[in-house]
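Read off the chains here:
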Amino acid sequence: MILQTLLVSKDDLTAETLIKVLVQFGVVVDRSNAVDVALMRLAEERFDQVIVDFDDPEAANLLLDGCRHLAGREHKPPVTVALLRDASQIRSILGAGAHFIVTKPVGREQAQNTFRAATALLKRERRQSSRVAVQAEISIRVGESGTAESNLVEGILLDLST
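Calculation notes
- In this convention, every chain numbers its residues from 1, walking through the sequence in written order.
- Selection of residues for local features in this predicted model requires a pLDDT of at least 70, selection of side-chain atom pairs for listing and counting requires 80 or more, and totals for whole chains, interfaces and linings are taken over all residues.
- Each side-chain value is worked out from all heavy atoms of the structure, with water and hydrogens disregarded.
- In this scheme, strands are said to pair when DSSP sees at least two bridges between them.
- Helix numbers and strand numbers start at the N terminus; a helix is a DSSP run of H or I with at least 4 residues, a strand a run of E with at least 2.
- By convention a crossover is right-handed if, when the strands point away from the viewer, the path from the first strand over the helix to the second runs clockwise.
- Cavity means a closed set of points on a 1 Å grid over the protein atoms alone, one where a 1.4 Å probe fits but cannot get out, pocket means an open set with protein on both sides within 12 Å along at least 5 of 7 lines, and lining means a residue has an atom within 4 Å of a point.
- Grid points are joined across faces, edges and corners, and a volume is the space filled by probe spheres set on the points.
- Amino acid classes used here: Ala, Val, Leu, Ile, Met, Phe, Trp, Tyr, Cys and Pro are nonpolar; Asp, Glu, Lys and Arg are charged; the rest, including Gly, are polar.
- Throughout, an axis means a line fitted to C-alpha atoms (over the contacting stretch in the case of helices), and angles, computed between N-to-C directions, take values from 0 to 180 degrees.
- We call two residues in contact whenever any of their non-hydrogen atoms come within 4.5 Å of each other.

Draft legend 1. Highlighting the pairing of strand β5 (residues 100-103). Note: strand β4 (residues 79-84) against β5, four bridges, orientation parallel. By the bridge assignment, Leu84 is partnered in β5 with Thr103. Crossover handedness for the path β4 to helix α4 (residues 90-95) to β5: right-handed.

Draft legend 2. Representation of the layout of surface pockets in the model. Each pocket or cavity is described by its volume, and for the second largest pocket that value is around 170 Å³. Broken down by secondary-structure element, the contributors of at least two residues to the lining of the second largest pocket are β3 (49-53) and α3 (57-68). Residues that form the lining of the second largest pocket fall into these classes: six nonpolar, two polar and five charged.

Draft legend 3. Layout of the sheet that holds β4. Pairing in this open sheet of five strands is parallel, and the strands run β2-β1-β3-β4-β5 from one edge to the other. The open sheet has two free edges, formed respectively by β2 (27-32) and β5, since each of these has just one partner strand. If you compare each strand with its neighbour and ignore which way they point, the axes differ by 20 degrees on average. Along the sheet, helix α1 (residues 12-24) contacts β1 (3-8), β2, β3 and β4; its crossing angle with β2, the most-contacted strand, is approximately 160 degrees.

So, to be careful, I would describe these as geometric facts and stop short of saying anything about function.
Here you go:
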């Protein structure tokens, strides 16, 4: 199960730390420096998690609103993580829709603890997505067809989800 994260931050040091930690949890990270580009990507692609830097609070709130509006679509909205310098804003940011808070400067241990919890939540939600129970024989061809290296692998499909 591959989890997709959109990281929106202009802070290279913070982004580097977060990417290193998220890779440890098997999370693929796409980074954007601009909120308008991130909003377009959210409209076109599905992300399990969005990390937004509150160095520009107006833009960050706009992105959180965009994430909340995804609730009407086919998939659940992404889990949101806010990056804050000012810990006194935590209550208002959580009220604005963030699920997790990471205070800056971001330490490796703090990031690991936060994203361990966030990743566990994402994996649990993924398993709760609707699945159709089926039982069907399948075969998958590995390698190029018509070559000696082409192998046919057979199996049974037990459930299917979107």
